[in-house]
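Per-entry structural report
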Amino acid sequence: MHRRRLILSLAGLAACPAPARAHSYRLGDLAIGHAWALPSQIPGEGQAFVPIVNNGKTPDELVAARSSVCGTIELRRNNRYDDPPLSSFPLEPGKPLPMRPTARHLRLMSLRNPLLLDQRFTIILDFLNAGEIEVEFHVEETPGG
C-alpha cells in the first residue's frame, strides 16, 4: 500500500512542469504541489489552484483558506457560482486532489487589487487535522507557465 501511495505522489509531481516541482510544500503527510492563480478576468475576483495529495493513512480535509490579497476565499467545485460554496475539500489517503480552471478551485473574492501576470502572493491553507501552512501562489496563464 505504501508503494502505491509513493507511486501516486511521484506521478502527481512528475505531471508538473520542471520549474513547478521546486515550488512545492509538505505539511505532515500532505504533499502540496505547484500553487498558481489566473490573472484577474472579473473585477474583484480571482481563481487559485493547488494540487494536494494525502500520503497518510487517515483522511484529512482542506477546510478554509485566507489571504491578505482578498476579503474571502471560497472552496468551489466548479464555475457555477449560483451553487453554494463547499464547506471543505476531502483528502482521502493516497488519492490526489487536483484543481484546475472550470473545475475544483479556490475562488478569491473582494480582491484588493487585480491579479497580474508574474505576481506572487500567499494564501494560508487550513486543514482539519494537519493544521495550517502558508503557500506562495504564482499568477500564470497555465501552471508552470
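Scroll up a little and you will see the structure.
Residues numbered from 1 in each chain as written. Predicted model: local features only at pLDDT ≥ 70, side-chain atom pairs only at ≥ 80, totals over all residues. Heavy atoms only, no water.

Details of the side chain of Asp60
Structurally, Asp60 is set in strand 6 (residues 60-66). Within the buried set, Asp60 has no salt-bridge partner at all; the shortest N-O distance to an opposite charge, 12 Å, is to Arg26. At a separation of 2.8 Å, a polar atom in the side chain of Asp60 contacts the main-chain amide nitrogen of Asn129. Non-local contacts of Asp60, meaning those with residues more than four positions away in its chain, are made with Leu30, Asn54, Phe89, Pro90, Leu91, Phe127, Leu128, Asn129 and Ala130. (Helix = DSSP H or I, 4+ residues; strand = E, 2+ residues; numbered from the N terminus. Buried < 20%, exposed > 50% of the residue type's maximum accessible area, 1.4 Å probe, protein only. Lys, Arg positive; Asp, Glu negative; His and termini not counted. Salt bridge = Lys/Arg side-chain N within 4 Å of Asp/Glu carboxyl O. Polar contact = N/O pair within 3.5 Å; in protein donor to acceptor, adjacent residues only side chain to side chain. Contact = heavy atoms within 4.5 Å.)

Considerations on the sheet that holds strand 9 (residues 96-97)
If you walk across this open sheet you meet the four strands as 1-2-5-9, and the pairing is antiparallel. Each of the sheet's edge strands pairs with one partner strand only, and the pair in question is strand 1 (25-27) and strand 9. When strand 2 (residues 30-32) meets strand 5 (residues 52-54), the two strands line up antiparallel, connected through three bridges. Considered in strand 5, the bridge of Ala31 is made with Val53. (Pairing = 2+ DSSP bridges.)

Focus: the pairing of strand 4 (residues 45-49)
The buried fraction of strand 4 amounts to five of the five residues, a majority that puts the element mostly inside the structure. Of the two faces of strand 4, the one carrying Glu45, Gln47 and Phe49 and the one carrying Gly46 and Ala48 are both buried. Two strands pair when backbone bridges link them, and strand 3 (residues 36-37) and strand 4 are joined in this way by two bridges, in the antiparallel orientation. Each bridged residue has a counterpart across the sheet, and for Trp36 the counterpart in strand 4 is Phe49. Two elements, strand 4 and strand 10 (residues 105-109), share four bridges in a ladder whose sense is antiparallel. Across the sheet, residue Ala48 finds its bridge partner in strand 10, namely Leu106.

What about the nonpolar core?
Grouped together as the largest cluster of nonpolar side chains are 33 residues, with contacts concentrated most on Leu106, Ile123, Leu125 and Phe127. Those residues within four positions of Ile123 in sequence are excluded, and the remaining contacts are Ala48, Ala65, Arg66, Ser67, Ile73, Leu106, Leu108, Ile133, Glu134, Val135 and Phe137. (Core = buried A, V, L, I, M, F, W, Y, C linked by side-chain atoms within 4.5 Å.)

Topic: the sheet that holds strand 11 (residues 120-127)
Spatially, 7-10-4-3-12-11-6-8 is the arrangement adopted by the eight strands of the open sheet, whose pairing is mixed. In this open sheet, the two strands that pair with only one neighbour each are strand 7 (72-76) and strand 8 (89-91). Here strand 11 runs beside strand 12 (residues 131-139); their pairing, made up of eight bridges, is antiparallel. In the sheet register, Phe127 faces strand 12, and the bridge partner there is Gly131.

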